[in-house]
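What follows is the residue order along each chain.
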Amino acid sequence: MMAASLLRRDKKSTAAHLKADLKRTDNSSGLRQLQELLDSVLNPERGSDPEALEWCKWLLAGGDGFDEFCRTVRSYDNATLCGLVWTANFVAYRCRTCGISPCMSLCAECFNNGDHTGHDFNMFRSQAGGACDCGDGNVMRESGFCSRHRLKTGENVPSVPRDLLLMSEMVLPRFIITIIQYLRDGYTEPESAADRDLQKVLQQLEPHISFLEELTKMGGAMRTVLTKILTNQQTFKELSMGQEENVYAKRNYEKYLSALKSSGLVSVEEKGAGGAGAGATDTPAGAGALSLLGATAAASLEDSNKEEDQDGLQGVGQRKRVKLSSSTKDPSIMDTLKHKCFLEELLFWTIKYEFPQKMVTFLLNMLPDQDYKITFTKTFVQHYAFIMKTLMKSHESDTMSNRIVHISVQLFSNEELARHVTEECQLLDIMVTVLLYMMESCLIKSELQDEENNRHVVVNCGEALLKNNTYWPLVSDFINILSHQSVAKRFLEDHSLLLLWMSFVSFFQGMNLNKRELNEHVEFESQTYYAAFAAELEACAQPMWGLLTHCKVKETQEYTKTVVRYCLETLQMWFDAIGFVDEPSLNQLTFHLPLHRYYAMFLSKGVKCQGLDLDSLLPDQEMLMKIMVHPLQIQASLSEIHSNMWVRNGLQIKGQAMTYVQSHFCNSMIDPDIYLLQVCASRLDPDYFISSVFERFKVVDLLTMASQHQNAVLDSEQERPMLEGALTFLVILSSLRIHLGMSDDEILRAEMVSQLCMNDRTHSSLLDLIPENPNPKSGVVPGSCSFEEMLSAVADFKAPVFEPGGSMQQGMYTPKAEVWEKEFDPIMVILRTVYRRDVQSAMDRYAAFLKQSGVHTGNPWPPYKERTPLHPCYKGLVRLLHCKTLHIVIFTLLYKIWMDHQNMSEHVLCMVLYLIELGLDNQVQDDKVEEEPCIEEHCHDSWFPGTSLLSNLHHVINFVRVRVPETAPEVERKRERERERETPPSTSSESTTFGQSSRRLTGNWRENLREAQVFSLVAERRRKFQEIINRSNHEASQAVRPKSSSSRWLPPGSPPQLVTEILEIRESMLSLLVKLHQKLSAKQNSLSLSWLAEVDPAHHAHGDGLTAIERILAKASARSRHSKRCLQEICGKVCPPIPPKKNSPGDKKSMDKEERRQRARERQQKLLAEFASRQKSFMETAMDVESPETDAVMDVGSAEPLDSEVLYDCVICGQSGPSTEDRPTGLVVLLQASSVLGHRCRSDTPKRLPTTDEEHIYPEDTCGATNDVRLSLMQRYFKDSSCLQSVSVGWDGGVYVQTCGHTLHIDCHKSYMESLRNDQVLQGFSVDKGEFTCPLCRQFANSVLPCRPGRGIETPAWHAPSNKSMSTLVKEVEDLQEQLGIFPVSASVKQRDPILAESNLSKEMESVIKDIKNTTQKKYMDYGKNPGSPDNDFLFMYSVARTNLELELVHRGGNLCSGGASAAAKRSCLNQLFHVLAMHMRLYSIDSAYNPWTRLTQSTYSRETEFCDDERPEVPMLFRDVPSLLIIFILTMPQPLRKEHFTCVVKVLYSLQYTQALAALSIRFSREERLAWSNTGAAKKNMPNSDKSWESLLGHVISELTKAKDVYDTNSEEALMLSSSVWSPQSIEFTLQQFCLPFLRLSCLLQHHLYGDSLPGCQVHCIDVEEEFSLLTGCLSLAGSVQSSGSMSSAACLEWNLNAFDLINQWCSEVIALSSSPSQQSVSLLVQDPQWAAPRLLHLPDNYNTIFQYYHRKSCTSCGKTPKDPALCLVCGAFVCLKGHCCKQQGVCECVLHSQHCGAATGIFLLVNASVIIIIRGHRFCLWGSVYLDAHGEEDRDLRRGKPLYLCEERYRVLEQQWVSHTFDHINKRWGPHYNGL
């Protein structure tokens, strides 16, 4: 009842009244009233209600306004942390210099208010969301705090008055329980409801949660209250269940309980069923862990549980899922949750609803409160298992993952907190258990090794869990907490946890098994390998690196020992489970051996950092032999993949091989594998190891002395690459030192050098390519200082250049010369290349360097590099190089190469020599003093006496016994030998058995039989293996099964039988090397005796095979006297090397081959030379490459001999001929609308891009705007037709015509366009719009400009200077104009001017005019009152000419004298354009009554009376634009025009321009100055030549204009402001000249194009006004005879054809007449200034951040939201939305619209969020690149790296230059259509 009455009162007074009640000591009635009120306001059954929120706000404020209340609470804010929470896509900063935790991040405000100059920071777009850490000393250093959080604000904040938050404490608990009740009510389980719509529930709650969020932002005081409420267990108890009588509340609570049921890991049903799960929770940890490894796997396969059915995995051939029983120390992890406070239940629903963004933000916003942080972290950990369970079931796992990490990263990055929950809440146990639980959902039986009886289980990479990376948040948290030392120590000390972890890792051991396809190509290429590599890297390798960072010092030895022990145990279990004995199964390959890699990395760390003894960590020999097998299998398979043996498995297998060595994976995959093999090699018997390698690489059969052999496992084309692979692998194995003693700096240096040798690199790609510790939380920063120091030590920076083709280079690093000389290491390069072509690229660059530095010109071999010394533990590795097996292989290969056996290659020889040299450089320590070998042992490896390579080098081998096919040449040769001895052939006609042949041999052969060597690698390996095994245990010997490789199965049609032969060799390795030297150098005695004496090994560092052999021989003789002696003997004999089989076809073949090669080379040279000369001549004809001499060629007609017709070459049909009426020729042109001229300003400094709210850009002062205003002012007061001839338009949207200079027949062009239209290839241009590329130079074009048939016969007459007087010429000009008045075309005209007749030519000209009109938009053509009128057309036509003249002036640098214009001249086609326009304009007659010429040259006082009242006056002459008049006159007079007439027109117009200059100047004077100058002028009037002195003329103008009443009055005040300075005669002269210059430049340029006169040249680049003025007047022959030696006077150039003062009077009277009429306002048109500065783009700030910070949050003007892709126009500074739908008009997006308004369809936009520039040209667009580069000269497109960017002036200049010169279309190649969508 009471509540009802309260509800009726207004909220404010109620709140005040209640607050007063509650403040009393006895507040029970107030409490009761409040509760009742809340019961009715916050009734959850009413649904969400905005009214309720309003009530809460008023109640909290307790009678004040809510906003005021907020302000008051904020004033008590004691928070020292920023804690601003952001969501995905927010722009934040990370400073590595200030961060303690690598996850540290700052909001922009805190970053900008802190001082981070010179720090290593970057800006990033948040992926998952985050929070600002400013003020949190646990995460970042205090020096980095911003000014606001640096002060410990908490100390000086007054304490909060009790009653301020009193109401909040009462009201909020009820508010929160309401929210919770909504959530309980709205939730439905996924299975039960089909229409489950959680979003709807959340939308209704949106305002409530936003309100909570608002409260958290009120600061520390309010957060404290919220924390109290959220964590208070008592309040929760009271409110959660609801009162007894409230039915709703009870039902609601039951819903909550049922939702809780499924929250444990093992759900209730499973427990009830008493399944494996329940049993397992009680097993002790150890047993559980073992059972995980598969002891129970077989058993639990039978009870295929529910999941299997529902996934329908019963399908035939599907791998069965395996369900393991979970085990853990702490059963509570598995159980149902229980909640004790609001916070816990809120989090529970947040999880159930899959982390709605608003809830997450609210929970995070509370974190700055310490108490809350601790409670919340514990709650989060308590719900951890439930979170992951929900995640696995979620459909939106990506979004959910991001939100989970958003929370967890804030909690776990803090070491204190992480340690606390690890100790109190068993965080580590929970995580490991949950990880196991997660992976168990997708286990399958492994098929590695023993497919039937395999007991090992692995994850199935095809499952969604792995494919979608669903485990990512969990692993990420795990890595995060392991980065804290205290937590990692706990983990490493807890053995049962480690065991669990190892069993987790073993799930990945052998996953994603590949089986080699031998018959069919695989139908479906599975892409599961991405998932497999990602899983191993993230779930296994990163935690491993995390743990390794804590095992750096001696004190942590125990940890390493423990891990190593468990690794070995788990490995042993794995070997047992897969049924592995001693041989890997054929054709199976897995790249994933995380257990091996854990073992390897901990070994390496233990030896390197903790001083552990390697042997103490190694298992017995047998285990080592097992461990070695799988990594070796991977190395062999890499070779197989590159030899195309796996080609039927599809491309993905290559993908795996590449990923395995790729920079992000290599140091967690291939590096540990190779290290492990190195460890095995250093401890196992070297002969065993070497023979294993060759057997794995399947090249055993190839290693025979015989010239032919059979290989059971390889095709012959695979033998060579596999042999190269095996040898390269051995070289890498014996020379790589990454884990064997290199320091970290040396490793970094080697990595860097190998990457730079492959290619020049940008800084960022180098950072990316250097393998770093892949654990992001490990604290090893890639951008550490040593990286920069190292980089500057090994590389030079090449600044970003701009290539002439327009492609922009980035700043690159290139290796220094001494690096190529001393450090280039091809072995490291081979190890690190993802693509084989990179190795070639490195060698090519190396060769180029040697050539350039003159060291070696040929084809160099990979240089040999000295290695860093081995760590003492690994000395055993050297024994590999000193074992007989290897020496036999080396000997065999040298022999085979010398004998030219098949499948040998230069690379094989190179690697063999490398191995020999490595052996010479790494001697085994315990070598006794070298002595002569005594008796040889006669066992079967009696090839060599000992194991030392040095002594074996000179050991001669005489006979070798080989097995050869009976068809081999060896057998043939033996038969020949026998025939020679005339012994009867052997009895057995087929196979010559060994016994029979030996009987017939002569005596000395028989003795040699004893030492004929036999060698079988396989047998050797068996024997060694047997020995080793026997040594360790006897019974294992039964396990060795005979291998298929020894007993061969011969296929049908089998090759011929093998027979044994004895070869006579009589060579040692040394002699073979010498012979190979001779063979390579193709000289008989290439090594003379004296050679050894003068050898200098240093000289031999670089070179080809010869150098390598010489270097080895030199080393051998230097290190052993015996070798030296033998060498001298060998060289002394210098017998011509006995070529094997004189006339063998092979030999002839090799001879021919050489010759053929030589010939081919010569042919090629010849072709290339021919091609080059052709190309050169093409370039010369086509491209007049910027050579000034060819300037005039473009002005077709002038450069040719004057008496003949001009000839044109058609680039399509190739014929040359004149352009005729019937078959006109045309120039290839590009027409484009342009507003470049319109954007010019008066000042030379460009406008600045605004970067604050105070700055603005005003467009009113641009040329386009000024001219628009002028025209519309004229049109208000004067006759329209006259206005349209008094100005030019086309400043904005004018049509610019440019050509590439090539011509073609117009009919050829039409057929060319047809063929393009039918060509279906996607072109970058649209043929329908008439676009094409020039057939010769491929420049973009869209029209053809017809050339006028050249008749140059009477030309000399036209050019002749005349002596006619001025008045005669004026009359002649007038007559010429009259001629055109005759219209329509009469017969007489046809004879005189055949062009006007309807011909092909005139049709073409009309079509070009149409093209020109279509080029620009309608609004740029209609300026008249009645659109489409002839006047309008006329204006547009002559403005096209004006636009092109003005633009050419701009391209020439603004004046004609600086000569900067070869390019401009080349593109210009004004001559042709003029003729086309003239022909078109002659269709319009000029009414002779209004012909301006008469008003310029005659005094016509009579006309004034004609003004009727209704008709508007004509535009006075003084208001008209003189250059426009010039163009009109020239275009409307018959062509060609005599030059004398042209000059006459210019003279007449000059006097008008001069008078205008005087008038404009006089307006700038003050009244006194005017009076003074008018008197001076009057005084001079009567002097002779007064009409050529500016004083008299100026005085006259002033006195005349004073008659008009408001010419001088209106402006007087401003004028005073303008000219504070006093005018001197010099300054007046200067101003007049400056005023006339633009007209003179234009006339001069026009004269150049019409008559081919050369332009005034001038050597000085920046010339002053006077000099330019005199040059131009001279060129136009204006300067009369009055040229004084002193400075040029502008008035001296005037020539009047009647009295100057009369004419001026007449012009002024036109203006005076206005002052009485209504059009007096127009007198302001007298003030004009024709000077414009060159067009410039906006001035951009130096630092990109200035632009980014201001614009990326700026809201769109039309919709008020922040646009997704904001862009800036660089021409006018407009802020536009790229692709924004808010600003679309008629389906056209804003950037395209703006490009039409601002640039007549050319737009240059900077994309704020990407830092790149896009160009829009008409219907196409292209990405231009970026003008902002980082400190290393690189672009940062899309701001991915977020490094600070700075303006690159050169690039910006280039952009501006392309804009001004309209060459975007030619220079940028990648254009695409934008479909109005930008």
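As the structure is a computational prediction, the values presented were derived from the model and not from experiment. Residue numbers here run from 1 along each chain, matching the order of that chain's written sequence. It should be noted that, the model being predicted, local features are given only for residues of pLDDT at least 70 and side-chain atom pairs only at 80 or more, the latter also being counted only at that level, while totals for whole chains, interfaces and linings use all residues. Only heavy atoms go into the side-chain values, all of them from the structure, while hydrogens and water stay out.

## Observations concerning a negative patch on the surface
Argument step 1. Only residues above 30% relative accessible area that lack a salt bridge enter a patch, with like-charged residues linked at up to 9 Å and the nonpolar side chains Val, Leu, Ile, Met, Phe, Trp and Tyr linked at up to 5 Å. Surface accessibility follows the Shrake-Rupley procedure with a 1.4 Å probe radius. Residue values consider only the protein chains on display as shielding. By convention in these notes, a salt bridge is any Lys or Arg side-chain nitrogen within 4 Å of a carboxyl oxygen on Asp or Glu. Positive charges come from Lys and Arg, negative ones from Asp and Glu, while His and the chain ends are left out of the count. Throughout, a charge is located at the NZ atom of Lys, the CZ atom of Arg, the CG atom of Asp or the CD atom of Glu. Taken together, the side chains of Asp 64, Asp 67, Glu 68 and Glu 214 define an acidic patch exposed on the protein surface.
Argument step 2. Each helix corresponds to a stretch of at least 4 residues labelled H or I by DSSP, and each strand to a stretch of at least 2 residues labelled E; elements are numbered beginning at the N terminus. Along the chain, Asp 64 falls in the loop between α4 (50-61) and α5 (66-75).

## A few points about the side chain of Thr 390
Argument step 1. In this structure, Thr 390 sits in helix α21 (residues 384-393).
Argument step 2. Note on exposure labels: buried denotes an accessible area under 20% of the residue type's maximum, exposed denotes more than 50%, and partly exposed covers the range between, all computed with a 1.4 Å probe on protein chains only. Residue classification places Thr 390 among the buried positions, given a relative accessible area of 12%.
Argument step 3. As used in this structure description, the phrase polar contact means that two N or O atoms lie within 3.5 Å; if the pair is within protein, one of them must be able to donate a hydrogen and the other to accept it, and residues adjacent in sequence are counted only when both atoms belong to side chains. One polar contact links the side chain of Thr 390 to the main-chain carbonyl oxygen of Phe 386, over a distance of 2.7 Å.
Argument step 4. By definition, residues are in contact when any of their heavy atoms lie within 4.5 Å. When near neighbours in sequence (up to four residues on either side) are disregarded, Thr 390 contacts Ile 351 and Met 400.

## Observations concerning the environment of Leu 1518
Argument step 1. Tracing the backbone through its elements, the reader meets Leu 1518 in the loop between α65 (1492-1497) and α66 (1522-1532).
Argument step 2. Considered as a pair, Leu 1518 and Leu 1726 are 208 residues apart in the sequence and their alpha carbons are 6.8 Å apart.
Argument step 3. In this view, Leu 1518 contacts Leu 1552, Thr 1555, Gln 1556, Trp 1707, Cys 1708, Val 1711, Leu 1726 and Gln 1728; residues no more than four positions away in its chain are not counted.

## Examining the pattern of salt bridges
Argument step 1. Considering all chains together, one arrives at 67 salt bridges under this definition.
Argument step 2. Lys 1547 is the salt-bridge partner of Glu 1695, the closest N and O atoms lying 2.9 Å from each other. Highlighted residues: Glu 1695 in the loop between α73 (1665-1675) and α74 (1700-1716) and Lys 1547 in helix α67 (residues 1539-1564), separated in sequence by 148 residues.
Argument step 3. On the basis of relative accessible area, Lys 1547 is assigned to the buried category, the value being 15%.
Argument step 4. Lys 1580 is paired through a salt bridge with Glu 1591; the nearest N and O atoms lie 3.3 Å apart. Residue Lys 1580 is found in helix α68 (residues 1567-1580), and its partner Glu 1591 is found in helix α69 (residues 1590-1601); the two are separated by 11 residues along the sequence.
Argument step 5. Counted as one network, the salt bridges with shared partners bring together Glu 866, Glu 917, Asp 921, Arg 1111, Lys 1115 and Arg 1119.

## What to know about the sheet that holds strand β21 (residues 1343-1346)
Sheets are built from strands paired through backbone hydrogen bonds, the pairs being either parallel or antiparallel.
Argument step 1. Only strands joined by at least two bridges in the DSSP assignment are considered to pair. Taken in spatial order, the 3 strands of this open sheet run β18-β17-β21, and their pairing is antiparallel. Each having just a single partner strand, β18 (1294-1305) and β21 make up the two edges of the open sheet. Each strand axis lies, on average, 40 degrees off the axis of its neighbour in the sheet, ignoring direction.
Argument step 2. Sheet topology note: the strand β17 (residues 1225-1234)/β21 ladder contains 4 bridges and is antiparallel. Within β21, the position partnered with Val 1229 by the bridge is Ser 1343.
Argument step 3. The strands that helix α64 (residues 1470-1481) touches are β17, β18 and β21; relative to β21, the one it contacts most, it runs at about 80 degrees. Think of each axis as a best-fit line through the C-alpha atoms, taken over the contacting stretch in the case of a helix, with angles from 0 to 180 degrees between the N-to-C directions.

## Focus on the packing of aromatic side chains
Argument step 1. When the centres of two rings from Phe, Tyr and Trp lie within 6.5 Å, Trp using its six-membered ring, the rings pair. Their planes under 30 degrees apart give stacked, over 60 give edge-to-face, and anything left gives tilted. Taken as a whole and assessed by the stated rule, the structure comprises 53 aromatic pairs.
Argument step 2. Centre to centre, the rings of Tyr 93 and Phe 111 are 4.0 Å apart; their planes meet at 0 degrees, and the pair counts as stacked. Of the two residues, Tyr 93 sits in strand β2 (residues 91-95) while Phe 111 sits in helix α6 (residues 108-113), which places them 18 residues apart along the sequence. Comparing Tyr 93 with Phe 111, the two get one shared label, buried.
Argument step 3. Aromatic pair Phe 491 and Trp 501: ring centres 6.3 Å apart, planes at 80 degrees, arrangement edge-to-face. Highlighted residues: Phe 491 in helix α27 (residues 485-493) and Trp 501 in helix α28 (residues 495-506), separated in sequence by 10 residues. We note that Phe 491, like Trp 501, is buried.
Argument step 4. Connected via pairs of aromatic rings, a cluster forms that spans Tyr 187, Tyr 253, Tyr 256, Phe 348, Trp 349, Tyr 353 and Phe 386.

## Some words on the pairing of strand β25 (residues 1813-1817)
Argument step 1. When you tally the buried positions in β25, you get 5 out of 5 residues, the bulk of the element.
Argument step 2. Of the two faces of β25, both are covered, the one formed by Ile 1813, Ile 1815 and Arg 1817 as well as the one formed by Ile 1814 and Ile 1816.
Argument step 3. Pairing of strand β24 (residues 1802-1807) with β25, which is carried by 5 bridges, proceeds in the antiparallel orientation. Within β25, the position partnered with Gly 1803 by the bridge is Ile 1816.
Argument step 4. Alignment of β25 against strand β26 (residues 1820-1825), held across 5 bridges, turns out to be antiparallel. Counted as the bridge partner of Ile 1814 is Leu 1823 from β26.
Argument step 5. Joining the antiparallel neighbours β25 and β26 is a turn of 2 residues, in which Gly 1818 adopts a positive phi near 60 degrees.

## With respect to the environment of Gln 1298
Argument step 1. The topology assignment puts Gln 1298 in strand β18.
Argument step 2. Taking the C-alpha atoms as reference, Gln 1298 lies 9.8 Å from Ser 1861; in sequence the two are 563 residues apart.
Argument step 3. When sequence neighbours within four positions are dropped, the list of residues in contact with Gln 1298 reads Val 1228, Val 1229, Leu 1230, Gln 1232, Arg 1467, Cys 1469, Ser 1861, His 1862 and His 1866.
Argument step 4. At a separation of 2.8 Å, a polar atom in the side chain of Gln 1298 contacts the main-chain carbonyl oxygen of His 1862.

## What to know about helix α76 (residues 1790-1799)
Argument step 1. Burial within α76 is extensive, with 8 of its 10 residues counted as buried.
Argument step 2. Here α76 has its buried residues at Glu 1790, Cys 1791, Val 1792, Leu 1793, His 1794, Ser 1795, Cys 1798 and Gly 1799.
Argument step 3. On the buried face of α76, the contacting elements are β17, β22 (1766-1769), β23 (1775-1777), β24 and β25.
Argument step 4. Two residues or fewer past α76, Ala 1800 is found with a positive phi of approximately 50 degrees.

## Structural notes on the environment of Thr 336
Argument step 1. Position of Thr 336 among the secondary structure elements: in the loop between β6 (321-322) and α18 (342-352).
Argument step 2. Distance from Thr 336 to Ser 263, taken between C-alpha atoms, is 5.2 Å for residues 73 residues apart in sequence.

## Here we look at unusual backbone geometry
Argument step 1. Despite not being glycine, Lys 698 shows a phi value in the positive range, around 60 degrees.
Argument step 2. Under the relative-accessibility criterion, Lys 698 is labelled buried at 12%.
Argument step 3. Of note, the phi angle at Ala 1800 is positive, near 50 degrees, even though the residue is not glycine.
Argument step 4. Residue placement: Ala 1800 occurs in the loop between α76 and β24.
Argument step 5. Ala 1800 sits in the buried class, given a relative accessible area of 2%.

## A short note on the sheet that holds β24
Argument step 1. Pairing within the open sheet is antiparallel, and its 6 strands lie in the order β23-β22-β24-β25-β26-β29. The sheet terminates laterally at β23 and β29 (1872-1873), the two strands that pair on one side only.
Argument step 2. Along the sheet face, helix α77 (residues 1849-1860) touches β24, β25 and β26 and points at about 155 degrees away from the line of β26.

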